[in-house]
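Observations on the three-dimensional arrangement
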Amino acid sequence: GAVVSQHPSWVICKSGTSVKIECRSLDFQATTMFWYRQFPKQSLMLMATSNEGSKATYEQGVEKDKFLINHASLTLSTLTVTSAHPEDSSFYICSANRGSDEQYFGPGTRLTVT
Amino acid sequence: RKEVEQDPGPFNVPEGATVAFNCTYSNSASQSFFWYRQDCRKEPKLLMSVYSSGNEDGRFTAQLNRASQYISLLIRDSKLSDSATYLCVVRGYNNNDMRFGAGTRLTVKP
């Protein structure tokens, strides 16, 4: 069964609005979660590392004020895309480790900004 | 130069065919190597890890050549269900240091 869940699975929003995406680890605690973005026919790009109880670590080129990450509990991390624009339209995927080396990915959230 | 490079394909093969994918990586300090499978509009799922000695899992064989910074995946006796995009993934010491190739698309036809 699923190990990591995401909500919503898809969302359409108007330009200028904010969208929150949730990532949950199911039946295990994840002190660290990762947020990726994937544009069509391109590779997954790590956006940020979400750390429970502390600030997220952002990759170079990712605006921390635009992509707000909150990891308030050991099973939930949220990514908020603020003042979304059409170029933010993408597939957003989170992942977490469950004990072993393997990363488990959430099912992804497809964001379309009109 | 991209950190992880793959032939994007697409590879269109008949059922039962053998197909091989290649991947090269630029960071010689990379520690771990994986092949993931991603179906259309879905999340990536681990197919297999890749070890220097080479490893096999059923119809799938993965090879790693550290000297050439090259990884391969061989699929024998292709099934229709093998149709997907195969991602080459390279990792440093930490999970925040994973780098993904853009993927190679495979379509297996009857």
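Right, let's walk through the structure included here. (Residues numbered from 1 in each chain as written. Chains lettered and ligands numbered in written order. Predicted model: local features only at pLDDT ≥ 70, side-chain atom pairs only at ≥ 80, totals over all residues. Heavy atoms only, no water.)

1. Overview of the overall build of chain A
The number of helices and strands found in chain A is 0 helices and 11 strands. Tracing chain A from N to C terminus, the helices and strands come up as β-β-β-β-β-β-β-β-β-β-β. By principal-axis analysis of the C-alpha atoms, chain A measures approximately 40 × 30 × 20 Å. When burial is assessed residue by residue, chain A has 51% of its 114 residues classed as buried. Of the contacts made within chain A by residues no fewer than 6 positions apart, 52% connect residues no fewer than 24 positions apart. (Helix = DSSP H or I, 4+ residues; strand = E, 2+ residues; numbered from the N terminus. Buried < 20%, exposed > 50% of the residue type's maximum accessible area, 1.4 Å probe, protein only. Contact = heavy atoms within 4.5 Å.)

2. Notes on the environment of K45 of chain B
All names here are of chain B. One can find K45 in strand β5 (residues 44-50). By relative accessible area, which is 52% here, K45 ends up exposed. C-alpha of K45 to C-alpha of Y86: the two residues are 41 residues apart in sequence and 9.6 Å apart in space. Once you skip the residues sitting within four places of it in the chain, K45 turns out to touch Y36 and R37.

3. Details of the pairing of strand β5 (residues 45-51) of chain A
Residues and elements named next belong to chain A. For β5, the tally of buried residues reaches 6 of 7 residues, placing the bulk of the element in the interior. Pairing analysis gives 6 bridges linking strand β4 (residues 32-38) to β5, with the strands arranged antiparallel. Directly across from F34, in β5, lies its bridge partner T49. Linkage of β4 to β5, two consecutive antiparallel strands, is achieved through a turn of 6 residues, within which K41 is found at a positive phi near 60°. One ladder, built from 2 bridges, connects β5 with strand β6 (residues 57-58); its direction is antiparallel. Paired with T49 across the bridge in β6 is T57. Between the end of β5 and the start of β6, which pair antiparallel, lie 5 residues, with G53 showing a positive phi angle near 80°. (Pairing = 2+ DSSP bridges.)

4. Side note on the sheet that holds strand β7 (residues 67-73) of chain A
Residue and element names in this part refer to chain A. The strand order across the open sheet formed by 4 strands is β1-β3-β8-β7, and the pairing between neighbours is antiparallel. Taken across any chain shown, the strands that pair with only one partner, and hence form the sheet edges, are β1 (4-7) and β7. Strand-to-strand twist in this sheet, taken as the mean axis angle between neighbours without regard to direction, amounts to 15°. By the bridge criterion, 4 bridges tie β1 to strand β3 (residues 19-25) in an arrangement that is antiparallel. Bridge pairing in β3 places Q6 opposite C23. (Axes fitted to C-alpha atoms, helices over the stretch in contact; angles between N-to-C directions.)

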